[in-house]
Amino acid sequence: MYRIVKKRLLAQGIALLEVEAAAVAAKVEPGQFVIVRVDEVGERIPLTVMDYNREKGTITIVVQDVGYSSAIITTMNEGDAFQDFVGPLGVASEIENYGTVVCIGGGLGIAPIHPIARGLKAAGNHVISVLGSRSADLLILEEEMRAVSNEVVIATNDGSAGVKGFVTDGLAKVLSEGHKIAAIWAIGPMVMMKAVVEYTRPLGIKTIVSMNPIMVDGTGMCGACRISVGNETKFACVDGPEFDGHLVDFDLAMKRLAFYKDEENRAKARLECHHEGGHH
Amino acid sequence: MAANKIPRHEMPCQDSKARAHNFEEVALGYTKEMAVEEAQRCLQCKKPLCRTGCPVEVLIPDFIKQIAEENFEEASKVLKIKNSLPAICGRVCPQESQCESKCILGIKGEPVAIGRLERFAADYGMKSKKAEMEKTEPSGKRVAIIGAGPAGLACAGDLAKAGHAVTIFEALHVAGGVLMYGIPQFRLPKDIVQTEIDTLKQMGVEILTNQVVGKVTSVDELMANGYDAVFIGTGAGLPYFMNIPGENLNGVYSANEFLTRTNLMKGYKFPDYATPVKVGKNVAVLGAGNVAMDSARTALRLGAENVYIIYRRSRDEMPARKEELEHAEEEGIQFRLLTNPVSIEGDERGWVKSLTCLRYELGEPDASGRRAPVPIAGSEFEIEMDTVVVAIGQGPNPLVTTSTPGLELNKRGNIVADPETLMTSKSGVFAGGDIVTGAATVILAMGAGKKAAAGIDAYLKTK
Ligand SMILES: Cc1cc2nc3c(=O)[nH]c(=O)nc-3n(C[C@H](O)[C@H](O)[C@H](O)COP(=O)(O)OP(=O)(O)OC[C@H]3O[C@@H](n4cnc5c(N)ncnc54)[C@H](O)[C@@H]3O)c2cc1C
Ligand SMILES: Cc1cc2nc3c(=O)[nH]c(=O)nc-3n(C[C@H](O)[C@H](O)[C@H](O)COP(=O)(O)OP(=O)(O)OC[C@H]3O[C@@H](n4cnc5c(N)ncnc54)[C@H](O)[C@@H]3O)c2cc1C
Ligand code: SF4
Ligand code: SF4
Ligand code: FES
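Residue positions are given per chain, counted from 1 along the sequence in the order it is written. Think of it this way: whatever chain is written first is A, whatever ligand is written first is 1, and the rest follow in order. Two thresholds apply to this predicted model, a pLDDT of at least 70 for residue-level local features and 80 or more for giving and counting side-chain atom pairs, whereas whole-chain, interface and lining totals are computed over all residues. As a convention, hydrogens and water are excluded, and side-chain values are obtained from all of the structure's heavy atoms.

### Overview of the interface of chain B and chain A
Item 1. Contacts are assigned to residue pairs that have any heavy atoms within 4.5 Å of one another. Listed by partner, the interface residues are 42 residues for chain B and 45 residues for chain A.
Item 2. Throughout, buried area stands for the accessible area (probe radius 1.4 Å) lost by two parts on being put together, summed over both. Among the residues of chain B in contact with chain A, Asn210(B), Lys215(B) and Asn248(B) are the three that bury the most area, contributing 18% of the side total.
Item 3. Salt bridges are defined by distance alone: a side-chain nitrogen of Lys or Arg within 4 Å of a carboxyl oxygen of Asp or Glu. Remark: the boundary between chain B and chain A carries 3 salt bridges.
Item 4. Note that Lys278(B) and Glu263(A) form a salt bridge whose closest N and O atoms lie 3.0 Å from each other.

Below you can see the structure in the form of structure tokens.
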């Protein structure tokens, strides 16, 4: 069993969990993910690693309540344990000294961008982070991101913090300051990554995105996670999750996320009716 | 009545209408009376040809004799001498092309039902078994096994018997490989596989799940961290697609995903189990092997109305076990033979809408000796479809092989191993099962595991 040693609520419905998983912590690198299962009847849920502590043997994940399983995970507490915790999975980010780089995290995407920004900074890059959220109260991990970035730009849809608008507006601000950007990492909802990619395409700036399709095993065995990159089918769990954003077919990827919409709604409705009934 | 005049005993089965809607085991197994009578049909040949058809040369007449004499416990012990997993092999071996194809009774009439008898004796042994483990002196050697499929499990069992300390590293959250995630409950109940795994644990085999070798550790690290030998039994788990337009539409599954969601994640019990699996009214399964039959029959049980097997060749070339084909037919699976899919069409929301196929006819024999299917020009036709399951085969998963420098592979990506010892190009590293042979059978994988255990034991003695 993989015990939760620390829990922190970052915002409404978003929890940070530090979990004992020494073997994973010994090997994980920025950009990689884990697959967790709460209990015997649970789904296998992929989650990106937000932080790791090799000495303590822990992995930190950040989970947003979007459906049945994530709702259960966000209500787990210190002392609770996951039945299964597999990793590290996927290919690590290609960290080297590129010069000046931009790390864009949108919403929950700030969590996975964190270790990448830290890695890039440690490799000698000038790291400018662009953090986006709908409003100031939903902005997570700002302090942690400041600690691993040279500059931070914030964008909120309602203007309650930083630039008013989307992360692309934050990126526009960075570009207007005349930086020569060698590469961009953008992680967040698919619509956000697509917007960033379309923004940088005409500018010819290398843009790396982290794909989060539906997964089952995470080892290349099932093909559930297949996406189209440069007109070739790739398995995001073993070929990715990071890809050259300019080659990714986002429309297909977004359609595929709706594969189990009906079933997800059924499961979630059941969870809510359990809660109302006062037992779970 | 002379032994060979008794007709072969049919296998009692669940009624085909009822079973098409449940996940309970289809074949119910012989009663004692049936088993004894069937066993009496065996001529106890001096030179039993049946054994030459079995990849591990089970002592067939010997175990059958014990059944005929009603020594069922003894029968199960005789089986275990050559076969570590008889309750499984009795159920899933393609007997018609192996042991039973060679039985002398088959020349004029029907062969002895070796597989059904094997299942009977093994089940009997399993029910009555009380832990009576022979204790072996510990050798002080440690062996790491990668993959808990039939190859890895059989290898672990024999190594433990020889006194070696064995640790299995398994990527998934349960051990068993294809026996757990691929072959459905209605054909191979999971508690049978679990019993075999529990027996190994009782023998002292350590099984670590959630360990993806190539990621969390590697072959070289295992060797450096105190393991004296490593066995790779990672199987053929990489699903092939057809590379036709529309394969990434919603509603298109690889058989691996479809079966994993259903079996491993128990999607057929959704929402009690949290993993969903979805089938529509009309389901096409592409392919005609065991994997395809399992997918088709699973789709039916999940509620599909029309399930089609779409296959390019004719009935005689279908590679599935004979019993599965018959069961599939009885359950109402519709076969569209000499038919090959050319594209999958989708609606504007990205969901499968229909399947376009081309009709074929049989031409001249090809390199495989089978008459080659030749497309009939202009014969395209479209069938309405909601779900498509691609079951055209699997290749070797590269996670372990690409993370192990110096490991020789063939051009298909399978590991090259010495045919006698199963040692690979790396000293102390052995491999067997589907990762070496390509997708094959449970009994071949199990046999390879045993052979490798002998190879490893010999190797460890030289160290
Ligand atoms: C490599 C990878 C890394 C991820 N990292 C994180 C992370 O660090 N933190 C986090 O909270 N989530 C992360 N996700 C997404 C997370 O796995 C899903 O939110 C979760 O599986 C949803 O399960 P559920 O039962 O709660 O929701 P469901 O009821 O299954 O789905 C609810 C909604 O979420 C969408 N959804 C379903 N599966 C995914 C998915 N795999 N990715 C995105 N949306 C999905 C559905 O379209 C639906 O709208 C990651 C996914 C991948 C593939
Ligand atoms: C649906 C289906 C139906 C079948 N029906 C039949 C049948 O009726 N009769 C028959 O004889 N054969 C059948 N087969 C074939 C048979 O199941 C296989 O030939 C056999 O299971 C191969 O055994 P194996 O031990 O080599 O590999 P597998 O059973 O594939 O086991 C390999 C194990 O290794 C694990 N693994 C893989 N990579 C790693 C890694 N990097 N780290 C750790 N672990 C890893 C996997 O998770 C898996 O548990 C069927 C196969 C399928 C898919
Ligand atoms: S192991 Fe398979 S092939 Fe061998 S005797 Fe048993 S059923 Fe026949
Ligand atoms: S060949 Fe047939 S009849 Fe002869 S020993 Fe084998 S099973 Fe019995
Ligand atoms: S999640 Fe199964 S292949 Fe990627």
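Structure shown, so let's carry the discussion forward.
### Notes on the pairing of strand 1 (residues 2-11) of chain A
As a general feature of sheets, a regular strand has side chains that alternate between the two faces.
Item 1. When strand 1 of chain A meets strand 6 (residues 81-82) of chain A, the two strands line up antiparallel, connected through 2 bridges. Within strand 6 of chain A, the residue paired with Arg3(A) across the bridge is Ala81(A). Strand pairing requires that DSSP identify at least two bridges connecting the strands. Secondary structure elements are defined from DSSP: runs of H or I of at least 4 residues count as helices, runs of E of at least 2 residues count as strands, and each element is numbered from the N terminus.

### Focus on the UniProt feature "domain: FAD/NAD(P)-binding" (unreviewed entry) in chain B
Item 1. UniProt positions are given in the numbering used here, feature names are shortened, and annotations may be inferred rather than shown by experiment. Taking the numbering used here, the UniProt-annotated feature "domain: FAD/NAD(P)-binding" (unreviewed entry) corresponds to residues 142-449 of chain B.
Item 2. The distance from the first to the last C-alpha atom of residues 142-449 of chain B is 16 Å, and the span holds 27% helix and 24% strand.

### Quick look at the domain arrangement of chain B
Residues and elements named next belong to chain B.
Item 1. By domain assignment, chain B separates into domain 1 (16-127), domain 2 (142-237 + 396-462) and domain 3 (238-390).
Item 2. An automatic or database domain assignment provides the domain bounds reported here. The C-alpha-based centres of domain 1 and domain 2 are spaced at 27 Å.
Item 3. Taken residue by residue, the interface counts 21 residues in domain 1 and 20 residues in domain 2.
Item 4. Buried surface at the junction of domain 1 and domain 2, summed over both partners, amounts to about 1,800 Å²; 75% is from carbon and sulfur atoms.
Item 5. Looking only at domain 1, the three residues that lose the most surface to domain 2 are Leu 85, Ile 88 and Met 126, adding up to 29% of its buried area.
Item 6. Across the pair Glu 196 and Lys 80 runs a salt bridge, and its minimum N-O distance is 3.4 Å.
Item 7. Whenever a nitrogen or oxygen atom comes within 3.5 Å of another N or O atom, the pair is scored as a polar contact, on the condition that within protein one atom can donate a hydrogen and the other can accept it, and that pairs from neighbouring residues in sequence are kept only if both atoms are in side chains. At the junction of domain 1 and domain 2, the tally comes to 2 residue pairs in polar contact (both at pLDDT 80 or more).
Item 8. Within the residue set of the side of domain 1 that touches domain 2, elements represented by two or more residues are helix 5 (72-82) and helix 6 (86-92).
Item 9. Counting residues per element, the side of domain 1 that touches domain 2 draws most heavily on helix 6, which supplies 5 residues.
Item 10. Three classes are used, and their members are as follows: Ala, Val, Leu, Ile, Met, Phe, Trp, Tyr, Cys and Pro are nonpolar, Asp, Glu, Lys and Arg are charged, and the others, Gly among them, are polar. Each residue belonging to the side of domain 1 that touches domain 2 can be placed in one class, and the counts come to 13 nonpolar, 3 polar and 5 charged.

### Let's talk about the side chain of His114(A)
Residue and element names in this part refer to chain A.
Item 1. You can see His 114 is positioned in helix 3 (residues 110-122).
Item 2. When its relative accessible area of 3% is taken as the criterion, His 114 is described as buried.
Item 3. Engagement of the side chain of His 114 in a polar contact is seen with the backbone oxygen of Met 50, the distance being 3.0 Å.
Item 4. Not counting the four nearest positions on each side in its chain, His 114 is found in contact with Met 50, Asp 51, Glu 144, Met 145 and Val 148. Accessibility here uses a 1.4 Å probe with only protein chains present; expressed as a share of the type maximum, an area under 20% marks a residue as buried, one over 50% as exposed, and anything in between as partly exposed.

### A word on the sheet that holds strand 11 (residues 163-164) of chain A
Residue and element names in this part refer to chain A.
Item 1. Read across the sheet, 7 strands follow the order 11-10-9-8-12-13-16 without closing on themselves; strand pairing throughout is mixed. Because the sheet does not close on itself, it has two edges, and the strands there are strand 11 and strand 16 (242-244).
Item 2. One ladder, built from 2 bridges, connects strand 10 (residues 151-156) with strand 11; its direction is parallel. Each bridged residue has a counterpart across the sheet, and for Ala 155 the counterpart in strand 11 is Val 163.
Item 3. The strands touched by helix 5 (residues 167-176) within the sheet are strand 8 (100-106), strand 9 (126-133), strand 10, strand 11 and strand 12 (183-187), with strand 9 carrying the most contacts at an inclination of about 150°. Under this scheme, a helix contributes an axis fitted over its contacting stretch, all axes are lines through C-alpha atoms, and angles between N-to-C directions fall in the 0 to 180 degree range.

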